[in-house]
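# Inside the fold
So you can see what is in the structure, the chains are spelled out below.
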Amino acid sequence: MKFRNEVLATLSLFGVAEASLGSVNTMKDALQQQSAVQRPPNFLFIMSDDQDLLLDSLSYTPLTMKHMRDKGITFSNHFVTTALCCPSRVSLWTGRLAHNTNVTDVHPPWGGYPKFVEGGFDKNFLPVWLQQAGYDTYYTGKLMNAHSIQSYVSPHVSGFNGSDFLLDPYTYDYMNATYQRNHKAPVSYLGRHTTEVLTEKAMGFLEDALTGERPFFLAVSPIAPHSNMNGTYGAGSGPLWMDEPIPEERHKHLFPEAKVPRTANFNPKKPTGVSWIHDLPFRNETEVDYNDHYYRQRLRALQGVDELVDQLISRLERSDKLDNTYIIYTSDNGFHIGQHRLPPGKTCGFDEDIRVPFFIRGPGIPEGVVENSVTTHVDLAPTLYELAGIPLREDFDGAPMRILGNSVGTLHEHVTVEYWGQAMLEGGLSNLGKPTVPNNTYKAARILSEEYNLYYSVWCNNEHELYDLTRDPHQIDNLYTATTEDKKEAEIMGYDISKVISRLDALLLVLKSCKGSSCIEPWSVLHPHGSVRNLRDALDGKYDSFYHTQPKVSFDRCEYAYIIDAEGPQHALAYRNGYSLDAWV
């Protein structure tokens, strides 16, 4: 009644003696919409674990597609910068590349929650920053590896008004999860499916967020479709084995005919890649059948996530907060099964591992749109800052994504891809009888525009890869090791491959050690005068001598972490004053 009287008083100022209830309601809706526009937006962030983009998992999540793809923007070229969950998540939450957080592994001494704390990031990451900007923040599910029943109090995670975290060594134990709420003691949910438990917790936090008076940020992070790992894996009881995911009972028999897509790189007759990947054996029928079974188990485990998305968004739709809430759905990294003869897993630089689903919907976002520009997980924190109207931090290695069409961020065509340490081999039958492979350290640049589509990498044993994904979308033909005759036939944009490599190597030299703005605009490091903004510009013949004299990306040795003296040259030369060269410091 008070609101109605206020509206009537407002109308009377304009000479309206009395208004019909319909007019009052119309005015009320308009005022509420104006109020919503003035309030900072809310955020619902949902992140699955190890979900593929290129193996067609999204075709099996119709509810997510209905709510996210059909109601918002699909970023079709969204990449992670490290294809491993803990480094990728830390980069996402900090807006920094892994070489700038030095969280490069899933467990100490080089990764996991203790390393995150050691770097001071537990007091300096996105939820803390959002709280400082006036947000209520909530989180449930997996935060990161080595956040365990021993380490969760050392210290408690900062930045959340409410939290209920999965804890190691039970994070990936689908039927024996342990959650830890706020600062309370951990609770075991033995016998209940972890996605079922997570859904209850997520819906509870959403209710808390909806009844609060401040804008909210709610993050929900299920483990599906990650491999199942028995709770003893973190207790020093033996090798780290990762077996097939476990779906909820009602989903166990779905998709009986589903198989891993038989793309050109699926179990190829000739070896592909370099280093240990090139030595993988051709897979027999039993192993291929197992990989198909493993694939089906992933799809089945995802059904609970699909239903979780539906429940969260349906509840938002019944509230008065939907129109002022941005909803994001993504994964922490991609996944491969059988491509390049690989057993199930991630940790590689191929597109299967680094390209992930990314959808966003919310106020001002058009529905059913596909955006092809290059974006990365390091761009997420800057994007939320911009949407919330918070000034960008100078230490961001990413830029706001072009979501509303008026971003101040810089469009970029490159992705910094980096990895240190072991490759992880998953799946009990097809992992060659061992869970890890050493010396999987590499640095790479993924370049994508309307004119070119390239991947260039340098491994710690100094093997190289170059793939032209325009002609070779499945990354089978390594142009770096091609014969001279083959290289002549495989020109890129009409340029000799060696000329393209010289530019890509210089770009990678900048990206492998970049910080802040140099990660966003790496060509400005090489060309401070601003005449080169992309690979096409850099291929101008007048720069041939400059790129020929650049230090080359190389490693002095293989290490399991970001150890600078093992990583070869760190500084590129800058092109200044015509043809003169100055060292970049």
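In the nomenclature of an unreviewed UniProt entry, the chain corresponds to Arylsulfatase from the organism Aspergillus bertholletiae. Of the chain, the UniProt comment under Sequence similarities (unreviewed entry) reads exactly: "Belongs to the sulfatase family."

Secondary structure summary: the chain contains 18 helices and 18 strands in total. Across the 585 residues in the chain, those meeting the buried criterion constitute 60%. In the chain, of all internal contacts separated by at least 6 residues, the share reaching a separation of at least 24 is 69%. Summing over all exposed atoms, the chain offers an accessible surface of approximately 22300 Å²; the carbon and sulfur share of this is 51%.

By secondary structure assignment, the location of K201 is in helix α8 (residues 194-211). What makes K201 buried here is its relative accessible area of 12%. Once residues within four sequence positions are removed from consideration, K201 is found in contact with T140, D164, Y179 and Y189.

Here we take up the sheet that holds strand β16 (residues 464-468). Pairing is antiparallel in the open sheet, where four strands are placed in the order β11-β14-β15-β16. Whereas interior strands pair on both sides, the edge strands pair on one side only; in this sheet they are β11 (414-419) and β16. The sheet shows a mean angle of 10 degrees between the axes of neighbouring strands, direction not considered. For strand β15 (residues 453-459) and β16, the ladder comprises five bridges, and the chain directions are antiparallel. By the bridge assignment, L454 is partnered in β16 with D468. Docked against the sheet, helix α14 (residues 497-511) engages β11, β14 (442-448), β15 and β16, running at close to 65 degrees with respect to β15.

Attention now moves to the pairing of strand β5 (residues 178-181). Both strand β4 (residues 162-166) and β5 contribute to a ladder of three bridges, which runs antiparallel. Looking at the pairing, F165 lines up with Q180 of β5.

Turning our attention to the state of the cysteines. Under the counting rule described, the total for this entry stands at two disulfides. A sulfur-sulfur separation of 2.0 Å characterises the disulfide bridge that pairs C460 with C558. What sets the handedness of the C460 and C558 disulfide is the S-S torsion sign, and at about 90 degrees it is right-handed. Linking C460 in the loop between β15 and β16 with C558 in the loop between α18 (544-548) and β17 (573-576), this pair joins segments that are 98 residues apart in sequence. There is a disulfide in this structure between C514 and C519, and the S-S distance comes to 2.1 Å. On the sign convention where negative is left-handed, the bridge of C514 and C519, at about 105 degrees about the S-S bond, is right-handed.

The tally for this structure, following the rule as stated, stands at 30 aromatic pairs. Ring centres 5.9 Å apart and planes at 65 degrees place the aromatic pair W129 and F396 in the edge-to-face group. You can see W129 sitting in helix α7 (residues 126-132) and its partner F396 sitting in the loop between α12 (380-388) and β11, a full 267 residues away along the chain. This pair shows no difference in class: W129 is buried, exactly as F396 is.

Right, let's get into the sheet that holds strand β10 (residues 369-376). Strand order in the open sheet made by the ten strands is β6-β5-β4-β3-β7-β1-β8-β9-β2-β10, with mixed pairing throughout. Two strands in the sheet have a free side with no partner beyond their single neighbour: β6 (187-188) and β10. Here helix α4 (residues 85-94) sits on the sheet in contact with β1 (42-48), β3 (136-141) and β7 (216-221), set at roughly 170 degrees to β1.

This paragraph deals with the environment of Y495. Among the structural elements, Y495 can be located in the loop between α13 (484-489) and α14. Note on Y495: relative accessible area 21%, which makes it partly exposed. Non-local contacts of Y495, meaning those with residues more than four positions away in its chain, are made with V500, R536 and L539. Of the polar contacts made by the side chain of Y495, one reaches the side chain of R536; its length is 3.5 Å.

Turning to α14, a few remarks are in order. Spanning 15 residues, α14 covers 21 Å between terminal C-alpha atoms, matching the ideal 21 Å at 1.5 Å per step. Judged by how many residues are buried, α14 sits mostly within the fold: 14 of 15 residues are covered.

Turning our attention to the nonpolar core. Judged by nonpolar contacts, the single largest core of 114 residues is most densely connected at F45, W93, F217, W276, L312 and I360. Inspection of this core shows a minimum of three residues originating in each of domain 1 (42-401) and domain 2 (423-583). Ignoring anything within four residues of it in the chain, the contact list for I360 reads M68, G72, I73, F75, Y326, I327, I328, I365, L387 and I403. L504, L509, A538 and A572 belong to the second-largest nonpolar core, a separate cluster that totals 36 residues.

If you walk through the whole model with that rule in mind, you get 33 salt bridges. Between E248 and R250 there is a salt bridge, and its shortest N-O distance comes to 3.2 Å. Residue classification places R250 among the exposed positions, given a relative accessible area of 54%. For K346, the salt bridge goes to E426, with nearest N and O atoms at 2.8 Å. Here E426 lies in the loop between β12 (423-424) and β13 (436-437) and K346 lies in the loop between β8 (325-331) and α11 (351-354), a separation of 80 residues in the sequence. Given the relative accessible area of 0%, E426 is considered buried.

For the rest of this paragraph, the subject is the environment of D289. Looking at where D289 falls in the secondary structure, it is placed in helix α10 (residues 285-317). Expressed as a C-alpha distance, the spacing of D289 and K259, which sit 30 residues apart in the sequence, is 8.7 Å.

The rules behind the values
- Sequence order as written defines residue numbering, which begins from 1 separately in each chain.
- It should be noted that, the model being predicted, local features are given only for residues of pLDDT at least 70 and side-chain atom pairs only at 80 or more, the latter also being counted only at that level, while totals for whole chains, interfaces and linings use all residues.
- In computing side-chain values, all of the structure's heavy atoms are included and hydrogens and water are not.
- UniProt positions are given in the numbering used here, feature names are shortened, and annotations may be inferred rather than shown by experiment.
- Helix and strand assignments follow DSSP, with helices taken as H or I runs no shorter than four residues and strands as E runs no shorter than two, numbered in order from the N terminus.
- Throughout this description, buried means an accessible area under 20% of the type-specific maximum (1.4 Å probe, protein chains only), exposed means over 50%, and partly exposed covers the range between.
- Whether two residues are in contact is decided by their heavy atoms, any of which lying within 4.5 Å being enough.
- Using a 1.4 Å probe, accessible areas were evaluated by the Shrake-Rupley method; residue-level cover was limited to the displayed protein chains.
- Being paired, for any two strands, means DSSP has found at least two bridges between them.
- Every angle, taken between N-to-C directions, lies between 0 and 180 degrees, and every axis is a line fitted to C-alpha atoms, over only the stretch in contact when it is a helix.
- Here, the term disulfide refers to a pair of cysteine sulfur atoms separated by no more than 2.5 Å.
- Two aromatic rings from Phe, Tyr or Trp, using only the six-membered ring of Trp, form a pair when their centres are within 6.5 Å; if the ring planes differ by under 30 degrees the pair is stacked, by over 60 it is edge-to-face, and anything between is tilted.
- Think of a polar contact as two N or O atoms within 3.5 Å of one another; within protein, one of them needs to be a possible hydrogen donor and the other a possible acceptor, and neighboring residues in sequence only count if both atoms come from side chains.
- One less than the number of residues in a helix, times 1.5 Å, gives the span that helix is expected to have.
- Nonpolar core, defined: a set of buried Ala, Val, Leu, Ile, Met, Phe, Trp, Tyr and Cys residues in which side-chain atoms within 4.5 Å join the residues together.
- Domains are outlined according to an automatic or database domain assignment.
- We count a salt bridge whenever a side-chain nitrogen from Lys or Arg sits within 4 Å of a carboxyl oxygen from Asp or Glu.

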